[in-house]
Amino acid sequence: APRALVAEAAPYPFSFDPASTALVLIDMQRDFLEPGGFGASLGNDVAELRRTIAPLRRVLAACRAAGMTVVHTREGHLPDLSDCPPSKLLRGSPSLRIGDPGPKGRILIRGEEGHDIIEELYPVAGEPVVDKPGKGAFHATEFGDLLAARGVRSLVVTGVTTEVCVHTTVREANDRGYECLVLSDCVGSYFPEFQRAGLEMIRAQGGIFGWTAESVAFLDALA
Ligand code: C5J
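Note that the coordinates shown come from a computational prediction; the quantities given were computed from them, not determined experimentally.

## Describing the overall build of the chain
Then, number 1: If you tally the helices and strands in the chain, you get 9 helices and 10 strands.
Then, number 2: By the compact-globule yardstick of 17 Å for 223 residues, the chain fits well, its C-alpha radius of gyration being 17 Å.
Then, number 3: Taken along its principal axes, the extent of the C-alpha atoms in the chain is 50 × 35 × 30 Å.
Then, number 4: Each of the 223 residues in the chain was classed as buried or not, and the buried ones make up 42%.
Then, number 5: Contacts in the chain between residues at least 24 apart in sequence constitute 71% of all its contacts with a sequence separation of at least 6.

Here it is as structure tokens:
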């Protein structure tokens, strides 16, 4: 029988069954989180993202212990960049472009060191890793099929960055009928004002995209 757990959340409590809920870790990659990576090369302070690591480790351990589906994503491209639209490749004038050699290998290219997930949150055997060319986890990936095959209806969303890949994924998920709980201390932005507004946008208007909660509230519900 479905097990209804309830987490204190905004704008109102979030009900979920761990059997039909997936923990999603979005793009916790070296290129975004480590000094000297792509994010840092764009002038960003990686400390704004690194504060998510400790709470996310606790959430990941609890979800694994509860037997929940855990899915990791990585943003990146094929070595020949055939899956990277020119609009993404050429936008702005970054000091390092996607595919350029960086301190951790070619920037955002699959198979390179910088593209991989940080050691602290590394996937274990059996946890799917979805490689995505876009910001959203559903676009041009197997993510939707994988969730459907596991009977997942609700997503606990974590990762980086709040206003880019987390938001895009939550918006895509909403249009596909998923309930989304975003853990506010497990998502991060290089921009504090985007972090605050990004979280408010999710829970505004009666939870237009879903719910937000501190990770301790989710962990209390799961315990
Ligand atoms: C960005 C991401 N911000 N994972 N990627 O370019 O949010």
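## Some words on the nonpolar core
Then, number 1: Leu23, Val24, Val157, Leu181, Val182, Leu183 and Ala213 are the most contacted members of the largest nonpolar core, which has 52 residues in total.
Then, number 2: In terms of residues, this core owes the most to one element, strand S9 (residues 179-188), which gives 6 residues.
Then, number 3: Contact partners of Val157, with chain neighbours within four places excluded, come to Val24, Ile26, Val166, Thr169, Val170, Cys180, Leu181 and Val182.

## Describing the site of the ligand
Then, number 1: The environment of the ligand is made up of Asp27, Phe32, Glu75, Val160, Thr161, Val164 and Cys165.
Then, number 2: Along the lines of polarity and charge, the residues of the shell around the ligand split into 4 nonpolar, 1 polar and 2 charged.

## Some thoughts on helix H8 (residues 192-207)
Quick reminder: α-helices carry 3.6 residues per turn. Residues three or four places apart thus point the same way.
Then, number 1: For H8, spanning 16 residues, the distance from its first C-alpha to its last is 21 Å, which sits close to the expected 22 Å at 1.5 Å a residue.
Then, number 2: At Glu200, H8 shows its maximal bend, which comes to roughly 30 degrees.
Then, number 3: Among the residues of H8, Gly198, Leu199, Ile202 and Arg203 are the ones counted as buried.
Then, number 4: Here the buried face of H8 lies against helix H7 (162-175), S9 and strand S10 (211-213).

## What to know about unusual backbone geometry
With the exception of glycine, most residues fall at negative phi, and the peptide bonds are largely trans.
Then, number 1: With an omega of 10 degrees, the peptide bond running from Ala10 to Pro11 counts as cis.
Then, number 2: Along the chain, Pro11 turns up in the loop between strand S1 (5-7) and strand S2 (14-16).
Then, number 3: Residue Thr161 is reached from Val160 by a cis peptide bond, and omega for that bond is -10 degrees.
Then, number 4: Along the chain, Thr161 turns up in the loop between strand S8 (154-160) and H7.
Then, number 5: The backbone phi angle of Asp27 is positive, close to 55 degrees, even though this residue is not glycine.
Then, number 6: Locating Asp27 in the fold gives a position in the loop between strand S3 (21-26) and helix H1 (30-33).

## Here we look at helix H9 (residues 215-222)
Then, number 1: Regarding H9, the residues found buried are Ser215, Ala217 and Phe218. For H9, the arc enclosing every buried residue in end-on projection is 160 degrees, short of the 170-degree limit, so these residues lie on one face.
Then, number 2: Close packing links the buried residues of H9 with S1, helix H4 (53-65), S8, S9 and S10.

## Here we look at the confidence of the model for the chain
Then, number 1: Summing up the model confidence of the chain, the mean pLDDT is 96 and the portion of residues at 70 or higher is 99%.
Then, number 2: Per-element mean pLDDT across the chain ranges from 85 in helix H2 (residues 38-41) up to 99 in S3.
Then, number 3: Scored as a complex, the prediction yields pTM 0.97 and ipTM 0.91.

## Some details on the environment of Asn174
Then, number 1: Relative to the elements of secondary structure, Asn174 occurs in helix H7.
Then, number 2: Sequence separation between Asn174 and Phe209 is 35 residues, and the spatial gap between their C-alpha atoms is 6.3 Å.
Then, number 3: For Asn174, the contacting residues outside a window of four places in its chain are Cys180 and Phe209.

Rules of the game
Every chain begins its residue count from 1, and numbering advances along the sequence as written. Whole-chain, interface and lining totals are the exception, using all residues; otherwise, since this is a predicted model, local features are given only for residues with pLDDT of at least 70 and side-chain atom pairs are given and counted only at 80 or more. Under the scheme used here, helices are H or I runs from DSSP no shorter than 4 residues and strands are E runs no shorter than 2 residues, and both carry numbers assigned from the N terminus. Using C-alpha atoms as the atom set, the radius of gyration is obtained and then compared with a globule rule of 2.2 Å times the number of residues to the power 0.38. With C-beta atoms placed from the backbone, the exposure class of a residue follows from how many other C-beta atoms lie within 10 Å of its own: 20 or more, buried; 12 or fewer, exposed; in between, partly exposed. What counts as a contact is two residues whose backbone-derived C-beta atoms lie within 7 Å of each other. Here a nonpolar core is just a set of buried residues of the types Ala, Val, Leu, Ile, Met, Phe, Trp, Tyr and Cys, joined wherever their C-beta atoms sit within 7 Å. Whether a residue is near a molecule or strand depends on its C-beta atom, generated from backbone atoms, being within 6 Å of that molecule or strand. Only Asp, Glu, Lys and Arg are considered charged, only Ala, Val, Leu, Ile, Met, Phe, Trp, Tyr, Cys and Pro nonpolar, and every remaining residue, Gly among them, polar. Helix span is expected to be 1.5 Å times the residue number reduced by one. Bend angle per residue: angle between axes fitted to the 7 residues ending at that residue and the 7 residues starting there. The arc refers to the directions leading from the helix axis to the C-beta atoms. One confidence number per residue, pLDDT, is output by the predictor and ranges from 0 to 100.

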